[in-house]
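Commentary on secondary and tertiary structure
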Amino acid sequence: MVKLDRYPHVNELISHYVSFHNRKDVAEILESGINSPESAETFSRFVWQMVESINEDEDEENSISVLGSTDNTEMLPDISYEVTKLMKANGFYSVWQSVSKEEMD
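Some details on the overall build of the chain
Within the chain, the regular secondary structure consists of six helices and zero strands. If you list the helices and strands of the chain from N to C, you get α-α-α-α-α-α. For 105 residues, the compact-globule estimate of 2.2 N^0.38 gives 13 Å, and the chain sits close to it at 13 Å. For the chain, the spread of C-alpha atoms along the principal axes amounts to about 35 × 30 × 25 Å. Each of the 105 residues in the chain was classed as buried or not, and the buried ones make up 41%. Counted over contacts in the chain with a minimum sequence separation of 6, partners at least 24 positions apart contribute 68%. As displayed, the chain has an accessible area near 5900 Å², and 46% of this comes from carbon and sulfur atoms.

And the structure:
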């Protein structure tokens, strides 16, 4: 099971966007954990999809409140910290780095 602990509100953000984007594949990864390069890549790409949604103000435009706010851009450093820590702990940091490099190009 994937559970982030330093910034527990990141769990709520992830849960919201899993539901919002109807990502059953990511919901399954959250239940079973990140245990393969494929699941690490799927989760990493989802995180970037979530970040894009936050950055593009989809919630604000649609008046959707997440964690009591329609603008959660201030949470982006917390997301980065938690995902980096998670991927290092699971041995898939290189996957996170590779996906992040692709997404930032």
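Some remarks on a negative patch on the surface
A grouping of Glu52, Glu56, Glu60 and Glu61 is seen on the molecular surface, where their side chains present a negatively charged patch. You can see Glu52 is positioned in helix α3 (residues 37–55).

Some points on the packing of helix α1 (residues 9–20) against helix α5 (residues 76–90)
Put simply, α1 and α5 touch, their axes get as near as 10 Å, and they point 95 degrees apart. Of the possible angle classes, the one that applies to α1 and α5 is roughly perpendicular. Residues His9, Val10 and Leu13 of α1 form the contact with α5, whose participating residues are Asp78, Ile79 and Glu82. Residue classes in the contact of α1 with α5 are distributed as three nonpolar, one polar and two charged.

Here we look at the packing of α3 against α5
Closest axis-to-axis distance for the α3/α5 pair is 11 Å, and the angle between their directions is 175 degrees. By the angle between their directions, the pair α3 and α5 is classed as roughly antiparallel. Counted together, Ala40, Phe43, Ser44, Val47, Met50, Val51, Ile54 and Asn55 of α3 and Leu76, Ile79, Val83, Leu86 and Met87 of α5 form the full contact between these two elements.

Some remarks on the pattern of salt bridges
When the charged atoms of two side chains with opposite charge come close together, those side chains can pair. For the coordinates displayed, the defined rule picks out six salt bridges. Across the salt bridge formed by Arg45 and Glu103, the nearest N and O atoms sit 3.3 Å from each other. Placement of the pair is Arg45 in helix α3 and Glu103 in helix α6 (residues 93–104), with a sequence separation of 58 residues. Residue Glu103 is classed as partly exposed on the basis of its relative accessible area of 35%. Of the charged contacts in the structure, one is a salt bridge between Lys101 and Asp105, with a shortest N-O distance of 3.9 Å. Residue Lys101 is classed as exposed on the basis of its relative accessible area, which comes to 55%. Three or more residues are tied together by salt bridges with common partners; here these are Glu41, Arg45, Glu102 and Glu103.

With respect to the packing of aromatic side chains
This structure, assessed with the given rule, holds four aromatic pairs. Taken together, a centroid distance of 6.4 Å and an interplanar angle of 40 degrees make the contact between Phe43 and Phe46 tilted. In this pair, Phe43 and Phe46 are both assigned in helix α3, three residues apart and thus about one turn of the helix distant. Judged by centre distance (6.2 Å) and plane angle (25 degrees), the rings of Trp48 and Trp96 are stacked. Here Trp96 lies in helix α6 and Trp48 lies in helix α3, a separation of 48 residues in the sequence. Exposure class is identical for Trp48 and Trp96. Each is buried. Above the ring of Tyr81, the side-chain terminus of Arg6 is found at 4.8 Å from the ring centroid.

Criteria and cut-off values
Residues numbered from 1 in each chain as written. Predicted model: local features only at pLDDT ≥ 70, side-chain atom pairs only at ≥ 80, totals over all residues. Heavy atoms only, no water. Helix = DSSP H or I, 4+ residues; strand = E, 2+ residues; numbered from the N terminus. Rg over C-alpha atoms; globule rule 2.2 N^0.38 Å. Buried < 20%, exposed > 50% of the residue type's maximum accessible area, 1.4 Å probe, protein only. Contact = heavy atoms within 4.5 Å. Areas by Shrake-Rupley, 256 points an atom, 1.4 Å probe, with all protein chains shown as cover. Patch = residues over 30% accessible without salt bridge, like charges linked within 9 Å, V, L, I, M, F, W, Y side chains within 5 Å. Salt bridge = Lys/Arg side-chain N within 4 Å of Asp/Glu carboxyl O. Lys, Arg positive; Asp, Glu negative; His and termini not counted. Charge placed at Lys NZ, Arg CZ, Asp CG, Glu CD. Axes fitted to C-alpha atoms, helices over the stretch in contact; angles between N-to-C directions. Parallel < 35°, antiparallel > 145°, perpendicular 65-115°, else oblique. Nonpolar A, V, L, I, M, F, W, Y, C, P; charged D, E, K, R; others polar. Phe/Tyr/Trp six-rings, centres within 6.5 Å; stacked < 30°, edge-to-face > 60°. Lys NZ or Arg CZ within 6 Å of the ring centre and 35° of its normal.

This is a description of form; function is not addressed.
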